[in-house]
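Survey of secondary and tertiary structure
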Amino acid sequence: MRTLPLGTEPTVVARPMLDVEKTLVGLDRAEIGDRLRDIGIPEKQIKMRTTQVWHWIYHQGVKSFDEMLNVSKDIRQKLADNFTIGRPEIIEALVSKDGTRKWLMKFPDGNEVETVFIPDEQRDRGTLCVSSQVGCTLTCKFCHTGTQRLVRNLTPAEIVMQFMVARDHLGEWPTPSEGRVLSSVVMMGMGEPLYNFDNVKKALKIIMDEQGISLSRRRITLSTSGVVPEMKRCGEEIGVNLAVSLHAVNNDVRNEIMPINKKYPLEELLAACRDYPGAKMSRKITFEYIMLKDINDRDEDARNLVKLLNKYGIYAKVNLIPFNPWPGSDYQRSDDDRVRKFSEYVFDAGISAPIRTPRGEDILAACGQLKSESEKQRKSEILRLEKEAMAATD
């Protein structure tokens, strides 16, 4: 783990590492039962042993089978000989001056993702921003992750483990019945969750399970850039809150800054939002709107935003997000006064439009800034080699 100017969170005890072929994390109960059956656990014990293992992994958060105290010693040894419940390698753990935490996790195949915890000190709780893919296929122009090629989908284990790592660092095991510090999850990290639907669904079902982590579906929000065919399925099969990366109020601008709009234009996207299962006044769809100077922040844009939401009859909340710069970005953040006026117009029209306070900018943990460190290093190395090659030919 490198020591950076803002410091790191040291790993005091050696962390049991993830073995993707042997881990029990990310499996549902039926799959755990099958694994136990494969190692010779008697059929009449399968249900009981599955319940015990589930409890220790997801309620107690143990990292070793030796900690499963109500499991007999010989079965604990069998479990340890055949399976793991370790965590991914943490190669960087940063804390921002505003308290935001960012972990860079490395999986056995060498791929990495970033996960961010955003505390709300006033309410003694916080939100975990979870990644669903290594890289991203969408190439949104204002997003740092969009500059990193899509490598692969994350597995259910790799998604759930982001939550478990955060709980480890926050000291929040066993699962508290009330007063949780990690109180909500947003699938807004690296990648497009609906392009990894099955794995995201399985991971969130594990996180919501009442006998384990037990996080209410009302405390989980999935953010999509507008993968229209999967949106209804998300509402029906997962049932979590929906956030939509809107960022523009006409197809010309959205085509430019979000190429996915060419496949699923605004008309299709907003119709899918209107029809999202479970959407109602008490459970509004959140529209994320990044404020880009002279691109989408005019008075006319605010008026058209209100018109669009009213036209489709969507129960909506709009999150206005000041653009968070990253190395090489071509956009500028809208002026504070411009953002405030935009917000006031939308509020005055009867639609909630709070301005999101940027968090974790100093450690590149704010919205739109996530990108795996290995990718940053590869680019730096390429630039260095190019400079050396140019120097050699001079």
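Residues numbered from 1 in each chain as written. Predicted model: local features only at pLDDT ≥ 70, side-chain atom pairs only at ≥ 80, totals over all residues. Heavy atoms only, no water.

**Things to note about the nonpolar core**
- Counting residues in hydrophobic clusters, the biggest one holds 109 residues, and the most contacted among them are Met68, Phe142 and Phe287.
- Among the elements that make up this core, the one with the highest residue count is helix H4 (residues 156-170) (8 residues).
- Setting aside residues no more than four positions away along its own chain, Met68 makes contact with Val53, Trp56, Ile57, Val62, Arg76, Leu79 and Ile85. (Core = buried A, V, L, I, M, F, W, Y, C linked by side-chain atoms within 4.5 Å. Buried < 20%, exposed > 50% of the residue type's maximum accessible area, 1.4 Å probe, protein only. Helix = DSSP H or I, 4+ residues; strand = E, 2+ residues; numbered from the N terminus. Contact = heavy atoms within 4.5 Å.)

**A look at the sheet that holds strand E9 (residues 241-245)**
- Sheet architecture is open: 9 strands sit in the order E1-E2-E3-E4-E7-E8-E9-E10-E11, paired in mixed fashion. One side of each edge strand has no neighbouring strand; the edge strands of this open sheet are strand E1 (89-95) and strand E11 (316-322). Ignoring which end each strand starts from, the neighbouring axes of this sheet average 20° apart.
- Pairing between strand E10 (residues 285-291) and E11: 7 bridges, direction parallel. (Pairing = 2+ DSSP bridges. Axes fitted to C-alpha atoms, helices over the stretch in contact; angles between N-to-C directions.)

**Re a positive patch on the surface**
- Among the surface-exposed residues, Lys205, Arg217, Arg218 and Lys280 lie close enough to one another that they form a single positively charged patch.
- By the element assignment, Arg218 lies in the loop between helix H5 (197-208) and strand E8 (220-224).
- Judged by relative accessible area, which is 47%, Arg218 ranks as partly exposed. (Patch = residues over 30% accessible without salt bridge, like charges linked within 9 Å, V, L, I, M, F, W, Y side chains within 5 Å. Areas by Shrake-Rupley, 256 points an atom, 1.4 Å probe, with all protein chains shown as cover. Salt bridge = Lys/Arg side-chain N within 4 Å of Asp/Glu carboxyl O. Lys, Arg positive; Asp, Glu negative; His and termini not counted. Charge placed at Lys NZ, Arg CZ, Asp CG, Glu CD.)

**Points about the side chain of Arg87**
- Residue position: Arg87 is located in the loop between helix H3 (73-82) and E1.
- For Arg87, a relative accessible area of 0% gives the class buried.
- Within polar-contact distance, the side chain of Arg87 engages the backbone oxygen of Gly61 at 3.1 Å.
- For Arg87, the side chain forms a polar contact with the side chain of Asp168, separated by 2.8 Å. (Polar contact = N/O pair within 3.5 Å; in protein donor to acceptor, adjacent residues only side chain to side chain.)

**Things to note about the confidence of the model for the chain**
- Looking at the chain as a whole, its pLDDT mean stands at 88, while 87% of the residues score no less than 70.
- Low pLDDT (under 50) marks residues 1-15, which in the prediction has 34 contacts with non-local residues, meaning those over four places away or in another chain.
- Low pLDDT, under 50, characterises residues 376-383; the stretch is placed with 8 contacts to residues that sit more than four places away or in other chains. (pLDDT = per-residue confidence, 0-100.)

**Here's the deal with the side chain of Asp209**
- As for its placement among the helices and strands, Asp209 is situated in the loop between H5 and E8.
- Residue classification places Asp209 among the buried residues on the basis of a relative accessible area of 17%.
- Setting aside residues no more than four positions away along its own chain, Asp209 makes contact with Arg29, Trp54 and Ser214.

**A short note on the pairing of E8**
- The element E8 is extensively covered by neighbouring structure, given that 5 of its 5 residues are classed as buried.
- Side chains Ile220, Leu222 and Thr224 of E8 all project onto a buried face; the interleaved residues Thr221 and Ser223 project onto the opposite face, where all are buried too.
- Crossover handedness for the path strand E7 (residues 182-187) to H5 to E8: right-handed.
- In the classification by handedness, the crossover that spans E8, the intervening helix H6 (residues 228-237) and the parallel E9 is right-handed. (Right-handed = clockwise from strand over helix to strand, strands pointing away.)

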